[in-house]
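Chain residues, written in single-letter form:
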Amino acid sequence: MCDRIGESKRLANGDAERLDARLGCNPPNLVLIGFMGAGKTSVGRVCARRLRFRFTDTDLLVERMADKTIAQIFEEDGEEQFRHLEQIAVARISRRCGNVIATGGGVILNPVNVHNLRRNGVIIWLQTQTEEALRRVGDRSSRPLLSEAEYPAKRFEQLLVKRSPFYARAADYRLDSTGLRVSEAAESVIALYRKGIGL
Ligand code: S3P
């Protein structure tokens, strides 16, 4: 799945000319996608501080919209309602510029989300090896897709295999952050973002 540790890669979308033609705002957003536990939120916060961008997490927007935690939304209203709110949150945040946007792990399953995020953003897929991601996810109680599974590690792998092609299609660049400190991963992410906007 991952190539080399700490490796970054330009994907088919990550061509500076194609990106330039695509991006409709200045400065474009830096969008982090990837599976649960990849470090999107912690790396995203550091990127935002260094770039002096605003930081937004789509899960937090959804929680604010519903006035409930993600776990409560899944439990009381179901995943479908969560995905509905997520689409609204992504549409709103994608209209802005100069934001670092950390997304929920399933955001790329909805083509409308991908379309919106791509309009104004360079998309970076943050990858981490399973053991490290599971360790970061911790007790899993805030991740209903894992906490409800009988064998979380197996469920994790199954979802990851299913989703990887979606991440690959949506992303401009990919960074394997396994073994990297948050500040190191942020530095590599910013370098990819700069490459994406031709700096
Ligand atoms: C989800 C990932 C979570 C959150 C929700 C669903 C997913 O976000 O959006 O529990 O489908 O992978 P993180 O990736 O930030 O954990």
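Small disclaimer: the values here were computed from a predicted structure and weren't measured.

**Q** So what exactly am I meant to see when it comes to the site of the ligand here?
**A** Around the ligand, a shell composed of 13 residues is seen, among which Lys40, Asp59, Arg83, Arg143 and Arg163 lie nearest. Side-chain polar atom of aspartate 59 to an oxygen atom of the ligand: 2.7 Å apart, as the coordinates give it. With respect to the ligand, the side chain of arginine 163 contributes an N or O atom lying 2.6 Å from an oxygen atom. Out of a free accessible area of 390 Å², the ligand has 96% covered by protein chains.

**Q** Teacher, can you tell me more about the nonpolar core here?
**A** Nonpolar side chains tend to gather and get buried jointly when the protein is soluble and globular. Of all hydrophobic cores here, the largest spans 32 residues; its most connected members are Ile33, Phe35, Met36, Val62, Ile108, Leu117 and Phe156. Counting only elements with at least two residues in this core, the list comes to β2 (29-33), α4 (70-77), α5 (79-94), α6 (111-120), β5 (121-127), α7 (130-137), α8 (144-147) and α9 (152-170). Apart from the residues within four sequence positions on either side, isoleucine 108 is in contact with Ile33, Val114, Phe166, Tyr167 and Ala170. Leu30, Val43, Cys47 and Tyr173 belong to the second largest nonpolar core, which has 23 residues in total.

**Q** Would you mind showing me how to read the pattern of salt bridges here?
**A** Where charged atoms from two side chains of opposite charge come close, those side chains can pair. For the structure shown, the criterion picks out eight salt bridges. Across the pair glutamate 86 and arginine 83 runs a salt bridge, and its minimum N-O distance is 3.0 Å. Residue glutamate 86 and its partner arginine 83 are both found in helix α5; the two are separated by three residues, about one turn of the helix. Residue classification places glutamate 86 among the buried residues on the basis of a relative accessible area of 2%.

Calculation rules
- Residues numbered from 1 in each chain as written.
- Predicted model: local features only at pLDDT ≥ 70, side-chain atom pairs only at ≥ 80, totals over all residues.
- Heavy atoms only, no water.
- Near = heavy atom within 4 Å.
- Polar contact = N/O pair within 3.5 Å; in protein donor to acceptor, adjacent residues only side chain to side chain.
- Areas by Shrake-Rupley, 256 points an atom, 1.4 Å probe, with all protein chains shown as cover.
- Core = buried A, V, L, I, M, F, W, Y, C linked by side-chain atoms within 4.5 Å.
- Buried < 20%, exposed > 50% of the residue type's maximum accessible area, 1.4 Å probe, protein only.
- Helix = DSSP H or I, 4+ residues; strand = E, 2+ residues; numbered from the N terminus.
- Contact = heavy atoms within 4.5 Å.
- Salt bridge = Lys/Arg side-chain N within 4 Å of Asp/Glu carboxyl O.

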